[in-house]
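Understanding the architecture of this molecule
This is what each chain is made of:
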Amino acid sequence: MSDRLPFEGEPIAPGHVGRLKRVFVAEKKRTWCYYGPFICCYSLPPKRQVFLHEREGSLWLLVLRSDPAGAQIDLLVPPLPFSVKALISFADELGSVNRRPLRILWVDEEDARRLPRTLFSIKSKEKEYFYDPVGVAAASGRAYRDLRKRLNRFQRSTQACFREMKPEDVGAGIDLLRLWRRKRRSRLTHLLDWGYSLAALNHFGDWSQVDLRGWCVEIEGRLSGLAMVGEMQDDLANFFIAKTDPDVRGLSEYLRWEVFRSLSHYRLVNDAGDLGLAGLRQYKRKFRPVDCLQVYTAEVR
């Protein structure tokens, strides 16, 4: 519990992932953010911390942000199970605490339909891409021609070793993440996943391999790519993190293709969205998504 919260809240921790997964499965949540290790790694105290809170029979995931201007409490997602009445009551309670209206950072299509527009302003956030890992692994037919060309070119020119990630790889993984950040900073104004990617590396080994599993690519003995994934549902995996040396052409496609091959026992893989970036959208479409899911944000009017 934090003395800055006007109610009882338990700071999120790796041990909560099993409980979260059971709730998300029961509520049939498939949006990318409903992945326990992400929620743990999204919590980056003291500036941003996620709390679990129980009220009116629902589980709430609260996001507390603190800065010199004061505190702001938002919701990561709507309460589970969903309740408009409880949401309005909660927003009223926070009126004396927050410096701006209550926000819900991720809202899936089902919950967006249930939020009354008279009380909530709802905005599109992005579309998430779902893939058939068996189809990507096969990469056959005209639809995958560009991907095959990139993979063939990479494999002809580069001796790469794709293997399971081990705890002793964490240090090299952090070095790679820093390299990626330095090289990407000139191209992207917001490297939104830097914080939780670093946290995931620092927490690697805190979960079972079902919940969080890692792979790396070595080139000439140097770790040049890494990926982390985990199970969301029996038939659905979360492609959590993928980072490669941006200067190695074709490495990103190769890493993703190998990871999809390793996930062929799942029916679908949620690989998140494209951040509204045309280049990332084109890249993700190379792997031929089989479905898309619209995600929103919401704010109390």
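Going by the structure above, here's the rest.
Residues numbered from 1 in each chain as written. Predicted model: local features only at pLDDT ≥ 70, side-chain atom pairs only at ≥ 80, totals over all residues. Heavy atoms only, no water.

Some points on the overall build of the chain
In plain terms, the rule: Note on conventions: DSSP H or I runs of at least 4 residues are helices, E runs of at least 2 residues are strands, and numbering of each starts at the N terminus. Radius of gyration: C-alpha atoms only; globule rule: 2.2 Å multiplied by the number of residues to the exponent 0.38. For every residue, the accessible area (1.4 Å probe, protein chains only) is compared with the maximum for its type, and the residue is labelled buried under 20%, exposed over 50%, or partly exposed between those bounds. Here a residue-residue contact requires only that any non-hydrogen atoms of the pair lie within 4.5 Å.
Each helix and strand in the chain was counted, giving ten helices and twelve strands. A compact globule built from 301 residues would reach a C-alpha radius of gyration of about 19 Å, and the chain, at 20 Å, matches this within 12%. Of all 301 residues assigned to the chain, the portion counted as buried reaches 52%. Of the contacts formed within the chain by residues at least 6 apart in sequence, a portion of 72% connects residues at least 24 apart.

Section: the layout of surface pockets
Note the following rule: As defined here, a cavity is a set of points on a 1 Å grid over the protein atoms alone where a 1.4 Å probe fits but cannot get out. A pocket is an open set with protein on both sides within 12 Å along at least five of seven lines, and residues line them when an atom is within 4 Å of a point. Grid points are joined across faces, edges and corners, and a volume is the space filled by probe spheres set on the points. Each residue is assigned to one class: nonpolar for Ala, Val, Leu, Ile, Met, Phe, Trp, Tyr, Cys and Pro, charged for Asp, Glu, Lys and Arg, and polar for all the others, Gly among them.
Put simply, the largest pocket is a space of about 1400 Å³. Along the walls of the largest pocket sit 48 residues, with Trp-180, Asp-193, Lys-243, Leu-275 and Leu-280 positioned nearest its centre. Going through the elements one at a time, helix 2 (36-42), strand 5 (103-108), strand 6 (120-131), helix 7 (170-184), helix 8 (194-202), strand 10 (236-244), helix 9 (251-262) and helix 10 (278-285) are the ones with two or more residues in the lining of the largest pocket. In terms of residue count, strand 10 provides more of the lining of the largest pocket than any other element does, six residues in total. Residue composition of the lining of the largest pocket, by class: 24 nonpolar, seven polar and 17 charged. Taken as a whole, the second largest pocket holds about 190 Å³ of empty space. Counting only elements with at least two residues in the lining of the second largest pocket, the list comes to helix 4 (109-114) and strand 12 (291-300). In terms of residue count, the dominant contributor to the lining of the second largest pocket is strand 12 (three residues).

Some thoughts on the nonpolar core
Rules: To qualify as a nonpolar core, a set must consist of buried Ala, Val, Leu, Ile, Met, Phe, Trp, Tyr and Cys residues joined through side-chain atoms within 4.5 Å.
Among the nonpolar cores identified, the biggest contains 51 residues, and Phe-38, Ile-39, Leu-76, Trp-106, Met-228 and Phe-240 are the most heavily contacted of them. When residues in this core are grouped by element, the largest group, six residues, is from helix 7. Counting residues in hydrophobic clusters, the runner-up holds 27 residues, among them Ile-219, Phe-239, Leu-255 and Phe-287.

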